[in-house]
Amino acid sequence: EDQVTQSPEALRLQEGESSSLNCSYTVSGLRGLFWYRQDPGKGPEFLFTLYSAGEEKEKERLKATLTKKESFLHITAPKPEDSATYLCAVPPYGWGKFQFGAGTQVVVTP
Amino acid sequence: EAGVTQSPTHLIKTRGQQATLRCSPISGHTSVYWYQQALGLGLQFLLWYDEGEERNRGNFPPRFSGRQFPNYSSELNVNALELEDSALYLCASSEDTGELFFGEGSRLTVL
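Residues numbered from 1 in each chain as written. Chains lettered and ligands numbered in written order. Predicted model: local features only at pLDDT ≥ 70, side-chain atom pairs only at ≥ 80, totals over all residues. Heavy atoms only, no water.

1. Some thoughts on the sheet that holds strand S1 (residues 5-7) of chain B
Residues and elements named next belong to chain B. We apply this condition: Paired strands, in this sense, are two strands between which DSSP finds at least two bridges. Runs of E in the DSSP output that reach at least two residues are strands. Runs of H or I that reach at least four are helices, and both are numbered from the N terminus. To get an axis, a line is fitted to the C-alpha atoms, and for a helix only the part in contact is used. The angle between two axes follows their N-to-C directions and goes from 0 to 180 degrees.
Strand order in the open sheet formed by 4 strands is S1-S3-S8-S7, and the pairing between neighbours is antiparallel. Both edges of this open sheet fall to S1 and strand S7 (64-68), since each of them pairs with a single strand only. Looking at each pair of strands side by side, their axes are set apart by 15 degrees on average, direction ignored.

2. Brief notes about the nonpolar core
This is how it is decided: Here, the term nonpolar core denotes a set of buried Ala, Val, Leu, Ile, Met, Phe, Trp, Tyr and Cys residues that are joined through side-chain atoms within 4.5 Å. Throughout this description, buried means an accessible area under 20% of the type-specific maximum (1.4 Å probe, protein chains only), exposed means over 50%, and partly exposed covers the range between.
One finds Leu33(A), Trp35(A), Leu73(A), Tyr86(A) and Val106(A) to be the most contacted residues of the largest nonpolar core, which totals 23 residues. Those elements that place two or more of their residues in this core are strand S2 (10-14), strand S3 (19-25), strand S4 (33-38), strand S5 (45-50), strand S7 (62-66), strand S8 (70-75), strand S9 (84-90) and strand S11 (104-109) of chain A.

3. Overview of the interface of chain B and chain A
How we decide: Residue contacts follow a heavy-atom distance rule, with two residues in contact if any of their heavy atoms lie within 4.5 Å. Here the buried area means the combined drop in accessible surface, using a 1.4 Å probe, for two parts upon being joined, counting both sides. Between Lys or Arg on one side and Asp or Glu on the other, a salt bridge is scored when a side-chain nitrogen of the former is within 4 Å of a carboxyl oxygen of the latter. Polar contact is defined as a pair of N or O atoms within 3.5 Å, subject to the rule that within protein one atom must be able to donate a hydrogen and the other to accept it, and that residues adjacent in sequence are counted only when both atoms are side-chain atoms.
With 20 residues of chain B at the interface, the matching set in chain A holds 16 residues. Buried area between chain B and chain A, both sides added, is near 1,500 Å², and the carbon and sulfur share of it is 57%. When the buried area of chain B at its contact with chain A is split by residue, Leu43(B), Glu99(B) and Glu104(B) rank highest and sum to 27% of it. A salt bridge links Lys42(A) to Glu104(B); its shortest N-O distance comes to 3.9 Å. In this structure, the connection of chain B to chain A is made through 4 residue pairs in polar contact (both at pLDDT 80 or more).

In structure tokens form, the structure reads like this:
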């Protein structure tokens, strides 16, 4: 059963065109929701951890928010260097067996 | 501070052979995780090692195995390689906070 679902699968944005990515989860007793960025052929890079509903974290043009059932990654005024696949992950069975979503591939064109 | 390092970067094998991949975690991290990322697919959890012990295992056959050494480095062994084992194998390390720090991966191609 899927416990982490990301949408959309792909997103094409013009530079400066803000948008949001969604990560919905079905695990109970959330121990944290993690966002990562992955460039082609490379390992994911940690971005944020959110622990409780209502929490928000920001880093440059990225802002992550969390509700009881989903998380959003907002990209404000994106630049081409924000092009990447964004992954979310949860530890449904405690640390050690993180389940990753399939990711949202973001392409930002000049 | 050095990040997670993996070797080799690329590896080409033929069906039936064995592959060994290596990982050195960030200094001070005792947990090492292995993930498989096949082309077009998401990250699939393989193995978790902590303090030299296997703590958890994903839904992979027994021919996927590994170990963690006293210096916390780790190796992943894949026996009897099959074509579908072709993938990017990612190693990550962490402290107790949960954030995973990934290496650049080892790309395994099985011909």
